[in-house]
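Given next are the chains, with one letter for each unit.
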Amino acid sequence: MVAPGVLALAATTTFPLLYLVWQSLQNINLAMPGMDRYVGLENYVRMWDDARFWAALGFTIVYAASTVLLQLVLGLGMALLILRIPRAQWAFRIAAILPIVIAPVVAGLFWRSLMLTPDFGVVDFASKALGLGSHNWLGDPALARVSVIAIHTWQWTPFVFLYMLAALAALPSELYEAARIDRASAWRRFVHITLPLIRPAIVVVVILRMTVALSAFAAIYAATGGGPGTATEILNLYAYRVSFAELSLGYGASAAVVLLAMTMAVAAVLFGLRRSS
Amino acid sequence: MKIVKSGSRSSPSRRKFLKAGVAVAGAPWISRFAHAQGAADLGAYQSAKINWRLAEGQTVNVAVIPASYFDNLIAVTPEFEALTGIKVRYDKVPPGQIRQKVVLDMSSKTANISTHAGDPMYIPLYAANKWADELEPYLNDSKLTDKSWFRHEDIFEAWRKADMVSGKTYAIPYNGEMTIQTYRKDLYDAKGLKPAETLDDIVKNAKALHDPANRMWGFCLRGMPGAGQNMYIYPSILLGFGGKWFDSGGRIKVNSPEALAALEWYVNTNNTYAPQAAQNWNWPDIADAFAQGTIGCYIDGHSAVSVIANPERSKVMGKIGFARWPRGPKGQCASSIWNWAMPINSALPEKARQATWLFIQWAASEETQARTSYRFKGPGKRFDLNRLSMWKQPEYLKTMESAGHNFVPASIDSLTRDTNVDWRPRVPQWPAIGETMAKIIQATLVGQMKPRQALDDAQAQVERIMKGG
Amino acid sequence: MRKRTFQNAILIGCGAILLALWTIPIAWAVLTSLKDEKEVLAYPPTVIFEATLKNFHAVLFGPTNIVANLTSSVIIALAATALTIVIAVPAAYAFARLRLRAKRPLGFYVLATQLVPPIGLIIPYFLILNRIGWMDSYKGLVLVYMTFSLPFAIWLLVSYFEDIPREMEEAALLDRASRWQAFWHVVLPQVRGAIAVTVIFVFLNAWNEFLFAVVLGGANVKPVTVSMYNYINTEQTQWAQLAAAALIAMLPVIVLGLLAQKHIVSGLTAGAVKGVGRR
């Protein structure tokens, strides 16, 4: 039953992969067709010296790590919280579905123009009202980075929340009874009982969120386009720009290959964590 | 809403049900063509001495951007289909993706898109790769074109030139835009200000009106990075300062002293007088802000009229004035030469190419331009026509009355006197160069880089691009 | 006791803040969709205003309405989801029951291949679809979406299948049921929750996808994500209509989510704690 399915799958996913790697070994520039030729690893060598590439790589790591961490902390925290107020659960579960189902491209757009525009947006208005002043949320490089991380976190934390909620709800309550009798504090209960039990769930959700964060595109594209300058240009976006805006397909492909290698490495590490539980 | 479907001689209840069903299912198509001119008068077209039906049965696929001026064309397309027997299908692609989509299609020779709304800065790219046909053979072939009817030379010269490479035409302009100064006439009059004639005037006027505490910013230019975004405005300033894109050896040079002066002016003026948000703003954002009454003056495309002079969106109706780009310190003045031009995809088979040519000829003809503009049976009449003669016609002038003070003269002046075809370097590598410049301009605007260093950086990148890296 | 109530009050307070953070932007989108275009950009932003339904009307019935796009999206998402489930469920089951050493690395490879960044996939897929003549067609786009959703679905389902002790099927087989019957009547009901979760994710991903839809679609296939983006047209952004369109586009997924909610919770519960860790 499985053989033809997996084979077809491997075929459809392997061909693009091979094509991508092959492309990364070429110099393909649509603007100057006469210069297309095989260049071996030259693109990669060029990347080594390309400051913009390293900046993109660095920011990709920062972006993915921070948003996944934030999502985990906030999502888990919320789940723990809501378990204590069972009556409000339904409200949270419904509210949690909403950000997840918005198309990321629309989310990025809305946040950019209606929420975060200094002097014109709702968030800016609120921050002024709270006495925090107006800031250039998307125009200041450092703030822009924070903003795009915030947008991604806003959209996906509810997912972690729902997942953790289900995981926590499945835990047998006898364990807690036993711990309470032993008069263990809430924190100790959490660290020594709950956490180990939900560790597999945490790993799964981290894998899911990490892969999405590493390949985030639509929301950042809509919110800042990779700007200001190149401040929020994650590797995915850099590869897109190089390929399509600068028409240098070979170089763009090599950036994509690096991103892929990185994603696979991270996934491999996380998979390893799963097995050891 | 007219229901076109008929012919069911069935019971009233069944007819009602069908009607409802068609109304729901057919709503998108029918309402879209509700503005069509009915069983149109095709006489104006048939007066052309060509056989419109010579490519009967073909299908033409047109990729356009979402815009009211294309919506109008889509609405009158049934007339073309009736005239020629050619089927037309439209694909609306967001402006941020259309260039990539058509480049992908043309470079892989997959011939999915027969013609599209083309960016004239990409024409050199098309020409270098032979992706688009040269159009002189079509224009000169009497079986395909009635020259005296089509009058290609009637189309704005600047736009025609922008769509040519080495004297050969590659695309026909459907519509276009000029960049003009837009200001709050009421505020200027109150303070006795005149529309700026020089860049220094701009700063003076901005200063007089600038009052951020009361949500009035004196002046605004685009900051959003992109070859078609902030790099739409910067070249005009560069030329205003007497700068050039090419040095004496014909190489592209972006870090000349004039370029530095221009960049510094751009950055300083925007950072002093524009809202902080403008660093990320594109023209619709500026138009929105102006329509809300928060900007004193800005310079951008005239198509913003559909926002700022739209009673549904604008709080400043009747308070707008227009003028030309101000001159730079060297006395020069250069406006953009933007137009959406339609090329023919050279990967198509011959009959399909002829069909595509007929479509392009029809879309750019005076008759169709009129039918999508002042003779359009719906709101949102086009005002960005491609022929100078039409801009002078009384019917057109009447439609544009509500736009604002001096709109038509300023636009015509801008287009006929201030345009410079080489306002941006017309090389096949433009997309990459444009993006590079756009990024460093914005980086300078937000203070990530200093102007001198930014331009030198850009120069290094441009040199690499020109070498084929 | 007072400490308890105080603690609860803090909890409720935190909960309320978090709830607000998540719903306010959505609520703002709802408000925007009910406003006049002029009102949308008013500053200070208005909460009380004259609400109007004309944006929804324009989005559904106007000249640039999205009904055709919604239909397009529904077809694509339903087809992609149905086909994915039909193929993935048996495949995941078979995969789970295989006793192969190469299982784990193979499983990882299958998942890893879908980590290829979209930019790397656009051109090859574009070329392939053109070569087989499936460009700008439903079957073409559904095929492309399935290359993303199949590995994901299989990966997600395998762990749930592995959870089910083989003894259950053995028992059924001893009762002279065929392998297929064992699968259908004994195993499948156990993984209902997991399938529900998978359905939601596959549908959601297909529904909200943008990049491939733009490049590989065209005059025929125009999902709602592309048409929504077109409210940001070249002259202006029609914010109120964009908000209305976005909200309408969210509805099918929300409905699906609410319907499958029961199954999701039970599904996630079963696999989350025990099963997933087993591999």
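For clarity, every value in this text was computed on a predicted model and none was experimentally measured. (Residues numbered from 1 in each chain as written. Chains lettered and ligands numbered in written order. Predicted model: local features only at pLDDT ≥ 70, side-chain atom pairs only at ≥ 80, totals over all residues. Heavy atoms only, no water.)

Some details on the overall build of chain A
Alright, step 1. Scanning chain A for helices and strands turns up twelve helices and two strands.
Alright, step 2. Counting only residues that meet the buried cut, chain A has 62% of its 277 residues in that class.
Alright, step 3. Summing over all exposed atoms, chain A offers an accessible surface of approximately 10,700 Å²; the carbon and sulfur share of this is 71%. (Helix = DSSP H or I, 4+ residues; strand = E, 2+ residues; numbered from the N terminus. Buried < 20%, exposed > 50% of the residue type's maximum accessible area, 1.4 Å probe, protein only. Areas by Shrake-Rupley, 256 points an atom, 1.4 Å probe, with all protein chains shown as cover.)

A closer look at the sheet that holds strand S3 (residues 115-116) of chain B
Residue and element names in this part refer to chain B.
Alright, step 1. On the basis of which strands lie adjacent, the open sheet formed by three strands has the order S2-S1-S3 and parallel pairing. For this open sheet the edge positions go to strand S2 (87-92) and S3, each flanked by a neighbour on one side alone.
Alright, step 2. As defined by bridge partners, strand S1 (residues 59-64) adjoins S3 across two bridges and the pair is classed as parallel. Within the sheet, the bridge partner assigned to Ala-63 lies in S3 and is His-116. (Pairing = 2+ DSSP bridges.)

A few points about the interface of chain A and chain B
Often, the extent of an interface is quoted as the loss of accessible area on bringing the components together.
Alright, step 1. Of the residues lining the interface, 36 residues belong to chain A; the matching set on chain B comes to 39 residues.
Alright, step 2. Each partner contributes to the roughly 2,900 Å² buried at the junction of chain A and chain B, and carbon and sulfur atoms together form 52% of this total.
Alright, step 3. By the criterion of area lost to chain B, the three top residues of chain A are Leu-30, Arg-112 and Phe-120 of chain A, representing 18% of everything that side buries.
Alright, step 4. One can count two salt bridges joining chain A with chain B.
Alright, step 5. Glu-435 of chain B is the salt-bridge partner of Arg-241 of chain A, the closest N and O atoms lying 3.2 Å from each other.
Alright, step 6. Inspection of the region where chain A meets chain B yields three residue pairs in polar contact (both at pLDDT 80 or more).
Alright, step 7. Sorting the residues of the side of chain A that touches chain B by element identifies helix H5 (104-115), helix H10 (218-223) and helix H11 (235-245) of chain A as the ones contributing at least two each.
Alright, step 8. Residue composition of the side of chain A that touches chain B, grouped by class: 17 nonpolar, twelve polar and seven charged. (Contact = heavy atoms within 4.5 Å. Buried area = accessible area lost by both parts, 1.4 Å probe. Salt bridge = Lys/Arg side-chain N within 4 Å of Asp/Glu carboxyl O. Polar contact = N/O pair within 3.5 Å; in protein donor to acceptor, adjacent residues only side chain to side chain. Nonpolar A, V, L, I, M, F, W, Y, C, P; charged D, E, K, R; others polar.)

Considering the interface of chain C and chain A
Alright, step 1. Facing 80 residues of chain C, the contacting portion of chain A comprises 83 residues.
Alright, step 2. Roughly 7,300 Å² is buried in total at the junction of chain C and chain A, and carbon and sulfur atoms are behind 82% of that figure.
Alright, step 3. Broken down residue by residue, the surface that chain C buries against chain A is led by Trp-22, Tyr-43 and Ile-119 of chain C, which jointly contribute 11%.
Alright, step 4. Linking chain C to chain A there are zero salt bridges.
Alright, step 5. At the surface where chain C touches chain A, the tally comes to four residue pairs in polar contact (both at pLDDT 80 or more).
Alright, step 6. Mapped by element, the contributors of at least two residues to the side of chain C that touches chain A are helix H1 (2-33), helix H4 (67-97), helix H5 (103-112), helix H6 (118-131), helix H7 (138-163), helix H10 (192-208), helix H12 (224-229) and helix H13 (239-278) of chain C.
Alright, step 7. Among the residues making up the side of chain C that touches chain A, the classes are represented as 65 nonpolar, 13 polar and two charged.

Section: the nonpolar core
Alright, step 1. Membership of the largest hydrophobic core comes to 346 residues, with the highest contact counts inside it found for Phe-70, Tyr-234 and Phe-359 of chain B.
Alright, step 2. The leading source of residues in this core is H7 of chain C, at 15 residues.
Alright, step 3. Among all residues touching Tyr-234 of chain B, those that are not within four sequence positions of it are Trp-245, Ala-259, Ala-262, Leu-263, Met-437, Ile-441 and Leu-455 of chain B. (Core = buried A, V, L, I, M, F, W, Y, C linked by side-chain atoms within 4.5 Å.)

Thoughts on the sheet that holds strand S7 (residues 179-184) of chain B
Residues and elements named next belong to chain B.
Alright, step 1. Ordered by their spatial adjacency, three strands build an open sheet running S8-S7-S9, and the pairing between neighbours is antiparallel. The open sheet has two edge strands, strand S8 (297-301) and strand S9 (320-323), and neither has a second partner. Pairwise comparison of adjacent strand axes, ignoring direction, gives a mean angle of 30 degrees for this sheet.
Alright, step 2. Looking at chain direction, S7 and S9 are connected through four bridges and run antiparallel. Following the sheet pairing, Thr-182 is matched in S9 by Phe-322.
Alright, step 3. Each of S7 and S9 touches helix H19 (residues 407-417); the most contacted strand, S7, lies at about 150 degrees to it. (Axes fitted to C-alpha atoms, helices over the stretch in contact; angles between N-to-C directions.)

A closer look at the packing of H11 of chain A against helix H4 (residues 95-107) of chain B
Alright, step 1. Relative to each other, H11 of chain A and H4 of chain B sit at 60 degrees, their axes nearing to 10 Å. The angle between H11 of chain A and H4 of chain B falls in the class oblique. On H4 of chain B, the residues touching Tyr-240, Phe-244 and Ala-245 of chain A of H11 of chain A are Gln-97, Gln-100 and Leu-104 of chain B.
Alright, step 2. A class-by-class count of the residues in the contact of H11 of chain A with H4 of chain B yields four nonpolar, two polar and no charged. (Parallel < 35°, antiparallel > 145°, perpendicular 65-115°, else oblique.)

Some thoughts on H5 of chain A
Alright, step 1. With respect to burial, H5 of chain A is a largely interior element, eleven of its twelve residues being buried.
Alright, step 2. When H5 of chain A is considered as a whole, its buried residues turn out to be Val-105, Val-106, Ala-107, Gly-108, Leu-109, Phe-110, Trp-111, Arg-112, Ser-113, Leu-114 and Met-115 of chain A.

Quick look at the packing of aromatic side chains
Aromatic ring pairs: the centre-centre distance and the angle between the two ring planes describe each pair.
Alright, step 1. Applying the stated criterion across every chain, the model contains 42 aromatic pairs over all chains.
Alright, step 2. Judged by centre distance (6.2 Å) and plane angle (70 degrees), the ring pair of Tyr-232 of chain B and Trp-338 of chain B falls under edge-to-face. Of the two residues, Tyr-232 of chain B is situated in the loop between helix H10 (199-209) and helix H11 (234-240) and Trp-338 of chain B in the loop between S9 and strand S10 (339-343); the sequence distance between them amounts to 106 residues.
Alright, step 3. Owing to a relative accessible area of 2%, Tyr-232 of chain B belongs among the buried residues under this scheme.
Alright, step 4. Since its relative accessible area comes to 9%, Trp-338 of chain B is described here as buried.
Alright, step 5. Within the aromatic cluster, the residues linked to one another by ring pairs are Phe-156, Trp-159, Tyr-374, Trp-391 and Tyr-396 of chain B.
Alright, step 6. When the ring centre of Phe-59 of chain A is taken as reference, the NZ or CZ atom of Arg-145 of chain A above it lies at 5.7 Å. (Phe/Tyr/Trp six-rings, centres within 6.5 Å; stacked < 30°, edge-to-face > 60°. Lys NZ or Arg CZ within 6 Å of the ring centre and 35° of its normal.)

A closer look at the pattern of salt bridges
Side chains bearing opposite charge may pair, as long as their charged atoms lie close to each other.
Residues and elements named next belong to chain B.
Alright, step 1. In this structure the tally under the stated criterion is 27 salt bridges over all chains.
Alright, step 2. The residue Arg-387 makes a salt bridge to Asp-154 at a minimum N-O spacing of 3.5 Å. Of this pair, Arg-387 sits in the loop between helix H16 (366-371) and helix H17 (388-391) while Asp-154 sits in the loop between helix H7 (147-150) and helix H8 (157-162); the two residues are 233 residues apart in sequence, bridging distant segments of the chain.
Alright, step 3. In this structure, Arg-251 engages Asp-247 in a salt bridge whose closest nitrogen and oxygen atoms are separated by 3.7 Å.

As for unusual backbone geometry
All names here are of chain B.
Alright, step 1. A positive phi is found at Arg-215, a non-glycine position, where the angle reads about 55 degrees.
Alright, step 2. Mapped onto the secondary structure, Arg-215 falls in the loop between H10 and H11.
Alright, step 3. Of the residues examined, Arg-215 reaches a relative accessible area of 18% and is grouped as buried.

Some details on the confidence of the model for chain C
Residue and element names in this part refer to chain C.
Alright, step 1. Of the residues in chain C, 87% reach a pLDDT of 70 or more, and the chain-wide mean stands at 78.
Alright, step 2. By mean pLDDT, H13 is the weakest element of chain C at 68, and H4 is the strongest at 88.
Alright, step 3. Contacts of residues 271-279 to residues separated by more than four positions or lying in other chains number 31 contacts, the stretch itself having pLDDT below 50.
Alright, step 4. The complex model carries a pTM of 0.80, and its ipTM stands at 0.76. (pLDDT = per-residue confidence, 0-100.)

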